[in-house]
Amino acid sequence: MNLPGPLERLINLWGKFPGVGEKTARRMVFFMLSQESGWAHAMARAIADVVDQVRACEECGAITTDDVCFICSDNSRDRSKICVVETQEDCVAMEQSGVYNGLYHVLGGRCSPLDDEEIPKASLDLLKKRIHKLSVNEIILAMDPRIEGDLTAFNVQEALEETGVRISRLSYGLPVGGSIGYADRATLHVALASRREMEREED
Ligand SMILES: [Zn+2]
């Protein structure tokens, strides 16, 4: 049976969410149709608002609705430390855990040769500038404990070598293959408290 055009379009769009296949998308869209129309309109507006208003902080790349996010603007934060994360979602997870009071830097990418992904060079250049400008004395790498996380951490370390800044990495407590974005507060607390300084390459 051919579905009406608008319905088919929405199901196709919905099916782009990670972990949502066509069947699940169809079930969700039909559920939405069975609800009061006000809810669906509010949802459509909320999606448009997020897309139009939420952007990356000019300083650190975290999500914000202003030019500079509330973390970068907060003078009570420890500005001598920058926690480097791969994604905005990881930044939210670290921040919501409440275990960290320094600044962040969102790379906006990771090193994954199999997926042909690299860390955006502009983000690394910006990080180097911030290290100088803010007189940062410690960089904390919060990368996922998996191969891509290791590669990303080593690449950041290499890029920052010329700055001479101390670099540590969250390690203990995070399950191998796990994700910063889904770690709970206690796990992140232990991982932060027991962070280890990364060894420098010998020439
Ligand atoms: Zn910021």
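Heads up: these notes are all about the structure in this document. Model, not experiment: these values are computed from the prediction.

Right, let's get into the sheet that holds strand β5 (residues 138–142). Taking strand neighbours across the sheet as the criterion, the five strands line up as β4-β3-β5-β6-β7 in an open arrangement whose pairing is mixed. Unpaired on one side and paired on the other, β4 (102–106) and β7 (196–197) mark the two borders of the sheet. Here four bridges tie β5 to strand β6 (residues 166–169), and the two strands are oriented parallel to one another. By the bridge assignment for β6, Ile 139 is matched with Ile 167. Strand contacts of helix α5 (residues 88–97): β3 (78–85) and β4, with the helix running at about 160° to β4, the strand carrying the most contacts.

Before going further, it helps to examine the packing of helix α1 (residues 5–14) against helix α2 (residues 22–34). At a minimum axis separation of 8 Å, α1 and α2 run at an interaxial angle of 125°. The orientation of α1 with respect to α2, classified from their angle, is oblique. Helix-helix and strand crossings are classified by hand; for α1 and α2 the assignment is right-handed. For the pair α1 and α2, contact is made by Leu 7, Leu 10, Ile 11 and Trp 14 and by Glu 22, Ala 25, Arg 26, Met 28, Val 29, Phe 30, Met 32 and Leu 33, respectively.

Glancing now at the packing of aromatic side chains. A complete count under the given rule lists three aromatic pairs for this structure. Relative to Phe 17, the ring of Trp 14 has its centre 6.4 Å away and its plane inclined at 65°; by these criteria the two rings are edge-to-face.

About the cut-offs
Residues take numbers from 1 onward in each chain, read along the sequence in its written order. Totals for whole chains, interfaces and linings use all residues, but because this is a predicted model, local features are given only for residues with pLDDT of at least 70 and pairs of side-chain atoms are given and counted only at 80 or more. For the side-chain quantities, the full set of heavy atoms in the structure was used; hydrogens and water were omitted. Pairing between strands is defined by DSSP: at least two bridges between the two strands are required. By the criteria applied, helices consist of DSSP H or I runs no shorter than four residues and strands consist of E runs no shorter than two, each listed in order from the N terminus. What makes two residues a contact is simply this: any of their non-hydrogen atoms within 4.5 Å. As a rule, the C-alpha atoms of each element are fitted with a line to give its axis, helices using only the stretch in contact, and angles between N-to-C directions run from 0 to 180 degrees. Angles below 35 degrees are treated as roughly parallel, those above 145 as roughly antiparallel, those between 65 and 115 as roughly perpendicular, and all remaining angles as oblique. Each crossing is labelled by how the near helix is turned from the far one, with a counterclockwise turn of less than a right angle marking it left-handed and a clockwise turn marking it right-handed. In this scheme Phe, Tyr and Trp rings, the latter by its six-membered ring, pair at centre separations within 6.5 Å, and the angle between planes marks the pair as stacked below 30 degrees, edge-to-face above 60, and tilted otherwise.

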